[in-house]
Every structure is written in C-alpha cells, then in structure tokens.
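Residue-level structure breakdown
In case you want the letters, here they are:
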Amino acid sequence: MSSLHLYNTLTKKEEEFTTIEEGKVRMYTCGPTVYGRPHIGNYSSFLMADLIRRWLEVSGYEVLHVKNITDVGHLVADQNEGEDKIEKQAKQEKTDPLAVAKKYEAMYLEDEAALGMLEPFKRPRATETIKEMIELVNTLEEKGFTYETEDGIYFSVEKFADYGKLSGNTLDNLSAGSRVEVNDEKKHPADFALWKKCVGENAHHILRWDSPWGEGFPGWHIECSAMSMKFLGDELDIHTGGEDNIFPHHECEIAQSESVTGKSFSRFWIHRRRIDMGSEKMSKSLGNVLSIVDVIEKGYSPLDLRYLFLSVHYRTNLKFSWKGVDDSKKARRKVVEWMGEVGSLKESKDAKETKEKKEKQEHPSSGAVGKYTEKFIDAMNSDLNTPQALAVIFDCMSWSRNQKDWSHNALEALNDFIAMARHTFGCFEPEEVSDVPAEVRALLDERKVARDDKDFKTSDKLRDQIKELGWEVRDEEGEQVVRKM
Ligand SMILES: [Zn+2]
C-alpha cells in the first residue's frame, strides 16, 4: 500500500506526509478577506484545502482544520500601504466596516456550503483575536525583532535569518528589485507592519483597539499567526493557501511565528495554482471575476464547479471555460447515476453459492474491486492526483456495469469504494429530493398513483409533463428516480 506524499512548497519537493502527533493533523487555511463576494478563483484554493482534509479523513486521520475570516487589517497593497480593504468597501457602500464584513461573510459561508465544503474545526475572526495578536507583537518586541515608526510597529526582516525560505525572495533578491519606498522610515523594503497606529492616513480608521503602542489595528500577516497558534499551537502539520499567498503573506507568517516560538511553524506548505480566465489571471482589478451566483444563474450546480476544479491537479493552472463546467456537469451526473445504480444492485444467489466459500477468507476489498480501490488510493496518495482518481472511478464504472453476478463480498467492496470516492470528492452525493420543485413533486405523486394502477398511458403523459419542466424521471426497482436535465 502506498503512503501519502505531498508537494511541499517549503522544500520544493514531494515528501512523505507524517504528523507531529500520531493520527492527528493540525491544518490551517488562510480564509477570505470579507470585503466582497469571493470569486471562484478564491474558492479553488479553499476547495483544495477541503480535499486535503477529506483525503486525510479517509486515510484515518483526525483533522483539526482551522480556517480564519479576515475582517480587519488587510490593506489594499497587501503589505503595509493603502486603505483597509473592508473600510474602503464600507465607504463605497455608505455603511460601517463591521456591516460589510458581516454581509460578505454570510455570502462566503453560503457559497462554501453550496460547494460541499466541510465545516472546519474553528473559524476564528480576526476582530475576535486581537488580544492574542497584541501578545505576539509584544513578544516580538521583547525579543528585539521589531522597531517602531510614526505609523506602526514593524517586523525587521533582517533579524530573521531564514527570511525568503518559502518564496525564494531572500533579502538580497528583494533589495536588488525593490521599488522606491513610500514609507522611508522602514529599515528594509520587505519589513512589514505588525501593528498600525491610528495616525496619519489611518487617523480615521474605524475599527481600532487599545494597545501598548496607542490605538490601532493589526497588520494582516500577524492575524494568521495569532489565529493558528490560538487553536492549533505553535507547530502546524499543514498550512494551505493560494499561490498568491506565498509572498508576502506566508513568508511573513513564517518570519514572525518562528521568531516568537523558535520552532518550525508548519511542516507542510501546500498551495493551489491559480485559475485563469482564458489567458488572463482572474482578479478583481481586471474585472473578469465570476462568483458562485454566476455559476448558478447559468444553470449549473456549484458542485459542477467543484468537479471541474478537482478534475485538474491542484498544481496545474486551470483555464476556466463554460464548456469545462458543462463537461463537468455531464461527467459528474454520470458518476452520481452509476453510484445510484450500484445502490440498487442485489447479490446474486448463484454467485453466493459458487463464490462465497472462496471469498470468505478474503478481505472485502480484495478481488476485482480491490484493484480499483488500490489504484484510487495510489492516485490520491501521489500528491492528490485527482484526475487520476477520477479516471479510476470511470474505469470501475465500466467494469462493474459488465458484471452480472455479484457476491456479497464483491458488492460490499464496491459500496466501500463508492463511499470512499464520495467522501474524497464531495460532489457525488445523491441529489436531494428537497431540490425538486413542488410542481414536479406533485406530478411525481400523480404518476406513482397511475403506475400503481397500471395506467401506463397516464404515467407516460406525466413523464412528458415532468420533462417539460426540465426533469427526467426513471423507474428503478419500482421507485421513481428523478434528476434535473
Ligand atoms: Zn493567512
């Protein structure tokens, strides 16, 4: 049996996954800054984190997944400059920043649920973790890693010898390529704010807290260190994010966290490559962003998008297209249908008599199904090779449809395989009956009566009516199975 290997951005190679504590994974994911509805590109990295968690769970780990919500302190220029993204949006919407954060957090949570993402262990908000941030900045100050300027407390990157180990942006590289600094009080261009004072351009910052350095608010990077340490301790097994987070955000998280604890902050750093729109990057500034709402309005399920994102390896740039979503919808439906068919398979009596004796000694996942199970596990263990794992599902589908006799053990192994595939991918659950509109449900009820009366003429007529409403009904084992066309 293969063991899980993951590509670690920190070491730039695939490494065997091990944990600090046996059987337990401490995983932190940089969540959204809630100043607008996140675009589908943002969700691709959250989906990768969800996939990692799901696969670790299938592999028998307990996963403590913490995913934050940034509701203050993320400045437009990511590092130290510009306006707070949320306060800027609040001005535009003529409301206060907390109302903005609350509104977009609700949209984000709605989208995550629609995308089938599992609820994390904790979802800390930055505004609720200020005390811990101030403590971290205090410790960094005591240890001599910081300096104070007119407008804040800065981390001195020159004091941290390992700066650049994640992104390759070492101090030499950065000095050579640095642009003219806006803030001439900074000692090095890569120094970043841990705490911003409510002075100068931030004099009117609405969200502010008392601190040893006067009223102010936290820098973006320190938030994630504080929120991860609060719930997961000094050392993480996995830290995830989008590739845009590698620099400066994650580089800065490492610098400040390791300076505080003297320990390695995270063993694995895993990053999702970005989603492109045609040849361009999807970004708010380019105005080519799509949200989950756009996907739904085009007539797709958010789970079709989930399938699309998982059909490409997470370290490959995915080129988004509506054709891709459409193909994903069809492929996903095929899998869901097949899994439904398997649910109604019965073990054959003949098979029972001839094969059961032999299979009794075997493990349920052995035999032909076991081969697919093993291939699926190998694919996922090989740095989460989801396209390969999907190919195994389709192979197993073709094979199983050609099987006539099912022994008890083989059927059990097939159902286990399906349960594993469902938990891993999170988009193959049977369609909820509650999704079926009331109008269609009423026709289905009528049709059931007609069929019970053997009135097939009426039954067929009702089938056509249901079809006109965009739903297809099939009869399986005396039950009506309905799906959206
Ligand atoms: Zn973060």
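Quick look at the structure, then. Every value quoted in this text rests on a predicted model; they were computed, and no experiment measured them. (Residues numbered from 1 in each chain as written. Predicted model: local features only at pLDDT ≥ 70, side-chain atom pairs only at ≥ 80, totals over all residues.)

Brief notes about the environment of G241
Here is the rule: Secondary structure is summarised from DSSP: a helix means a run of H or I of at least four residues, a strand means a run of E of at least two, and numbering begins at the N terminus for each. Every C-beta atom is placed from the backbone, and the number of other C-beta atoms within 10 Å of a residue's own sets its class: buried at 20 or more, exposed at 12 or fewer, partly exposed in between. Two residues form a contact once the distance between their C-beta atoms, set from the backbone, is within 7 Å.
Within the secondary structure layout, G241 lies in strand β9 (residues 236-242). You can call G241 buried: it has 24 C-beta atoms within 10 Å. Sequence-wise, G241 and G168 are 73 residues apart; in three dimensions their C-alpha atoms are separated by 17 Å. Non-local contacts of G241, meaning those with residues more than four positions away in its chain, are made with T29, C30, S45, H250 and H271.

Points about the sheet that holds strand β13 (residues 318-320)
Sheet strands line up and pair through hydrogen bonds in the backbone, either parallel or antiparallel. Filter applied, for reference: For two strands to count as paired, DSSP must find a minimum of two bridges between them.
Taken in spatial order, the three strands make up an open sheet running β12-β11-β13, and their pairing is mixed. Strand pairing shows two members of the sheet lacking a second neighbour, β12 (280-281) and β13, which therefore form its edges. Sheet topology places strand β11 (residues 275-277) next to β13; three bridges connect them, and they run parallel. In the strand pairing of β13, M277 is matched with F320.

Digging into the sheet that holds β9
Quick note on the threshold: Between N-to-C directions, angles cover 0 to 180 degrees, with each direction set by a line fitted to C-alpha atoms, over the stretch in contact for helices.
In space, the four strands of this open sheet follow the order β4-β3-β9-β10, with parallel pairing throughout. Each end of this open sheet is capped by a strand with a single partner; those strands are β4 (62-67) and β10 (266-272). On average, each strand axis in the sheet is tilted by 20 degrees relative to the strand beside it, whichever way the strands run. In this structure, strand β3 (residues 24-29) lies alongside β4, joined through six bridges in parallel fashion. What sits directly across from R26, in β4, is L64.

Looking at helix α12 (residues 367-381)
Using the following cut-off: Under the convention used throughout, the expected extent of a helix is 1.5 Å for every residue step, that is, one less than its residue count.
Under the 1.5 Å per step criterion, the end-to-end length of α12 is 21 Å for 15 residues, consistent within 8% with the ideal 21 Å. Here α12 has its buried residues at V369, Y372, T373, F376, I377, A379, M380 and N381. Of the residues flanking the end of α12, it is D383, one or two places downstream, whose phi is positive at about 55 degrees.

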